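Chain and residue survey
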Amino acid sequence: MKIGVFDSGVGGLTVLKALRDKYKHVDFVYLGDTARVPYGNKSAQTVIRYSLECAEFLMGEGIDLLVVACNSASSYALDSLRESLPIPVFGVIDPGVKKALEITKGKVGVIGTRATISSGVYKRRLEEYGVEVYQKASPLFVPLVEEGMVEGKIAQEIVEYYLKDLKEARVDTLILGCTHYPLLRPLIERYMGDNVKVIDSATVLALEIEPFVKEKGLSYLELNFTDISPNLEFLIELILGEVDKPRLVSLPCKV
Ligand code: DGL
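Below is a short write-up of the structure. (Residues numbered from 1 in each chain as written. Predicted model: local features only at pLDDT ≥ 70, side-chain atom pairs only at ≥ 80, totals over all residues. Heavy atoms only, no water.)

What about empty space enclosed by the protein?
For the structure shown, the criterion picks out 1 cavity of 30 Å³ or more. Looking at the largest cavity, its volume works out to about 70 Å³. Lining the largest cavity, in full, are T14, V15, A69, N71, V92, L176, C178, T179, P182, D200, S201 and A202. Secondary-structure elements contributing two or more residues to the lining of the largest cavity are α1 (13-22) and α10 (201-208). Of the residues in the lining of the largest cavity, the class split is 7 nonpolar, 4 polar and 1 charged. (1 Å grid on protein atoms, 1.4 Å probe; cavity = no way out; pocket = protein on both sides within 12 Å on 5 of 7 lines; lining within 4 Å. Points joined across faces, edges and corners; volume = space filled by probe spheres on them. Helix = DSSP H or I, 4+ residues; strand = E, 2+ residues; numbered from the N terminus. Nonpolar A, V, L, I, M, F, W, Y, C, P; charged D, E, K, R; others polar.)

What follows is the structure, encoded as C-alpha cells:
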C-alpha cells in the first residue's frame, strides 16, 4: 500500500514521521510544495488550487490514500479534494478537534497560520460541542522553525508573545494547528505550564487511518519537493531524524 502525504513545505514531515513510526510496512510518497510555501497567508481559492495540484501529482505516483498534512490546506481544501479524488482523503483538523474534545475541561486554545485561524474551522467544530475557543494566528513560528531556531531566547520570546493571551484566558488544552509547531512543543509546554495539555494532530491522525491501512513488505519512502533550497536537507534531518535525498519535481499546474 502507498500513502501520499502533502504539505506546503517541510513542516508536513512532522506528520509523515508520526505515520512512519506507526506503519513500518507501508510505502510513503511525500510532496512538499517548497516552491510556493507558505500557504498560510494565501487566499482560500489559491490554497484549494495548489492542493488539487499536489493531489494530482501524488495520484500520478499511484497512492491509495491521501493525507493532507498541512493545516492551511486541510482548513480550505479538504472538501474539494474529497469530491475530486477516488481514494480516502484525511486532513489534520478533525483528529485535533477529536482529541481536544476528549481531554478539555471546556477552554481550548488554537494556534495556527493566518489562513487556518481566519478559516475559523477549528473554532466552529469545537463550539458545536459547547467548548470555549481562544484562537491566535502565530505566523512567525514557521520561519523560526525553518531557521532551526527551536530553542533559545528569541524563540522563547516569540512563544511568549503569541501565547500570552491564551495563557491569561486559562485555556486547559492547546491545539498546535500547524505542521511546524510540534518542533516548538517543548518551549510551548514550558511556557503554558503543566496544567495545559498540548495536542499535535499527527498521532491521532495516524490512529484514525488505521482501518484503511494494509501493511505488507518493506517500507519505501520517496521525498519530493518543488524547490530544493540549500537548507532543505538540514530541515529534513531536523524533523525526520534521518537524511533522505530529496527529489526535485514540478507540479501539473493548471494556471
Ligand atoms: N504547512 C502550513 C500549515 O500547517 C504551515 C506553513 C505554511 O504557511 O504554508 O498550515
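Looking at the sheet that holds strand β5 (residues 107-112)
Backbone hydrogen bonds are what pair the strands of a sheet, in a parallel or an antiparallel way. In spatial order, the strands read β6-β5-β7-β8; together these 4 strands make up an open sheet with parallel pairing. The sheet is open, and its two borders are formed by β6 (132-137) and β8 (197-199), each paired with just one other strand. The mean angle between the axes of side-by-side strands here comes to 20°, regardless of whether they run parallel or antiparallel. Pairing between β5 and strand β7 (residues 173-177): 5 bridges, direction parallel. When the sheet's bridge partners are listed, G112 is paired in β7 with G177. (Pairing = 2+ DSSP bridges. Axes fitted to C-alpha atoms, helices over the stretch in contact; angles between N-to-C directions.)

Details of the layout of surface pockets
Each pocket or cavity is described by its volume, and for the largest pocket that value is around 300 Å³. What lines the largest pocket is a set of 18 residues, among which P38, G40, T113, P139 and V142 lie closest to the centre. For the lining of the largest pocket, the secondary-structure elements that each account for two or more residues are α3 (71-84) and α7 (141-146). The element that contributes the greatest number of residues to the lining of the largest pocket is α7, accounting for 3 residues. Of the residues contributing to the lining of the largest pocket, the split by class is 8 nonpolar, 8 polar and 2 charged. Along its surface, the second largest pocket is lined by S74, S75, Y76, A77, L78, D79, R82, I93, D94, V121, R124 and R125. Among the elements of the structure, α3, α4 (93-103) and α6 (121-127) are those that each provide at least two residues to the lining of the second largest pocket. Along the lines of polarity and charge, the residues of the lining of the second largest pocket split into 5 nonpolar, 2 polar and 5 charged.

Keep in mind these values describe shape, not function.
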